[in-house]
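Listed below, chain by chain, are the residues.
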Amino acid sequence: MEARLQRRVQRYGWDLAAGDYEPLWLAQLASVQAELLALAALVPGERVLDVACGTGLVTFKSASAVGASGHVLGVDLSGLMVDAAQKRASTRGLSNVSFQRMDAEALEIPDASFDVALCALGLMYMPDPGQAVGEMRRILRPGGRVVIAVWGERSRCGWSALFPIVDAEVASEVCPLFFGLGQEGALANLCVRANFEVIEQRRISTTLRYADADEACNAAFVGGPVALAWSRFSEHTRAGVRSRYLDAIDRWRDDPGYQVPGEFVVVSAVVPERLSRE
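Attention here is on the structure that accompanies the text. (Residues numbered from 1 in each chain as written. Predicted model: local features only at pLDDT ≥ 70, side-chain atom pairs only at ≥ 80, totals over all residues. Heavy atoms only, no water.)

1. Section: the pairing of strand β4 (residues 114–120)
- Counted residue by residue, β4 has seven buried out of seven residues, so it is predominantly covered.
- In terms of strand pairing, strand β1 (residues 47–51) meets β4 through four bridges, oriented parallel. Bridged to V51 within β4 is C119.
- In the sheet, β4 pairs with strand β5 (residues 140–151) via six bridges, with the strands oriented parallel. Of the residues in β5, the one forming a bridge with C119 is I148.
- Where the polypeptide runs from β4 across helix α4 (residues 129–139) and back to β5, its parallel neighbour, the crossover connection is right-handed. (Buried < 20%, exposed > 50% of the residue type's maximum accessible area, 1.4 Å probe, protein only. Helix = DSSP H or I, 4+ residues; strand = E, 2+ residues; numbered from the N terminus. Pairing = 2+ DSSP bridges. Right-handed = clockwise from strand over helix to strand, strands pointing away.)

Structure below.
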């Protein structure tokens, strides 16, 4: 898929998913978000950038960690995701967190202006993940830290049949690079190419638990990466796609629900001070 089109698909797809994302994914992603924050080891006073922040699930926890003397900026390509996060920050009366709609591959942020960059399950959707990691490297100070989480190997993510099922109904692949970064060493190597020094790599197994078929399908189609394609399907096409997806995850059915396996990869890295002084 041409990069500009891919960005458009992701932007408007996540706009459509903004209202359903948290109810469907909050519990499912809690473990990997906790792992990411543990590796980040945020301390009071730090400036943190949360890339592909969505509705702020990681952003608000980061803001709590850095305290009133720190600040967290959440950026996302989806305007409606950013709007939802901003409303929540306003409701909570938080002064140490802000949100902007921004392309992760072209951050409108000065060089070396943040202590930490986080990206929780957003890198897989970008046309050029290497460019996005390079941008995170650029905005970090010498000694600054980055922690990135992506989905793991395709074979270890039971819901992965979602993509070929949807792709069969559209003109081009919805997320052509999605599982590439989950392959052994891929994310760490991307960080190294951006002149980070990798500190740690973790591969985390998980189980996505759904109460019933409706919840499993809504998470896949309504509140996830194929929301734009789903919104344009006819009722007949939706019925067929839904049926094929439920067939694909049937082996993990636990009536009336589902327990679908998944995997995450989390990498932490640092900006080497010696490189920053050259």
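From this point, the narrative continues.
2. Thoughts on the environment of F233
- As for its placement among the helices and strands, F233 is situated in the loop between α8 (227–232) and α9 (235–248).
- C-alpha separation for the pair F233 and V150, spaced 83 residues apart in sequence, amounts to 28 Å.
- Apart from the residues lying within four places of it in its own chain, the contact partners of F233 are V166, E169, V170, R238 and V241. (Contact = heavy atoms within 4.5 Å.)

3. Digging into the packing of helix α1 (residues 3–40) against helix α3 (residues 79–92)
- Two elements in contact, α1 and α3, have axes whose closest approach is 7 Å; the angle formed by their N-to-C orientations is 40 degrees. With respect to α3, the axis of α1 lies oblique. Seen from α1, the contacting residues are W14, D15, A18, Y21 and E22; seen from α3, they are G79, L80, M81 and R88.
- Partitioned by chemical class, the residues of the contact of α1 with α3 number five nonpolar, one polar and three charged. (Axes fitted to C-alpha atoms, helices over the stretch in contact; angles between N-to-C directions. Parallel < 35°, antiparallel > 145°, perpendicular 65-115°, else oblique. Nonpolar A, V, L, I, M, F, W, Y, C, P; charged D, E, K, R; others polar.)

4. Re helix α2 (residues 57–66)
- Among the 10 residues of α2, seven are classified as buried, and the element is accordingly described as predominantly covered.
- Elements that come into contact with the buried residues of α2 comprise α1, β1, β2 (71–76), α3, β3 (97–101) and β4.
- Looking one or two residues past α2, G67 carries a phi angle of roughly 70 degrees, positive in sign.

5. Remarks on the pairing of β3
- With five bridges connecting them, β2 and β3 associate as parallel partners. Within the sheet, the bridge partner assigned to G74 lies in β3 and is F99.
- Handedness of the β-α-β unit built from β2, α3 and β3 comes out right-handed.

6. Remarks on the pattern of salt bridges
- All chains considered together, the criterion is met by 17 salt bridges.
- A salt bridge links D115 to R141; its shortest N-O distance comes to 2.6 Å. Pair noted here: D115 is in strand β4 and R141 is in strand β5, with a separation of 26 residues, a long-range link.
- Owing to a relative accessible area of 14%, D115 belongs among the buried residues under this scheme.
- With relative accessibility at 28%, the residue R141 sits in the partly exposed group.
- As a salt-bridge pair, R253 and D255 come within 2.9 Å of each other at their nearest N and O atoms.
- D255 gets classed as exposed once you look at its relative accessible area, which sits at 58%.
- A single salt-bridge network, built from bridges that share partners, covers R156, E184, R203 and E263. (Salt bridge = Lys/Arg side-chain N within 4 Å of Asp/Glu carboxyl O.)

7. Topic: the packing of aromatic side chains
- Inspection of every chain in the model, using the stated rule, returns 16 aromatic pairs.
- Taking 4.9 Å as the distance between ring centres and 75 degrees as the angle between the ring planes, the aromatic pair formed by W151 and W159 counts as edge-to-face. Grouping residues by exposure puts W151 and W159 together as buried.
- Between W159 and F178 the ring centres are 5.6 Å apart and the planes differ by 85 degrees, which places this aromatic pair in the edge-to-face class. Taken together, the residues span a long stretch of sequence, with W159 in the loop between β5 and α5 (162–167) and F178 in the loop between α5 and α6 (186–193) at a distance of 19 residues. (Phe/Tyr/Trp six-rings, centres within 6.5 Å; stacked < 30°, edge-to-face > 60°.)

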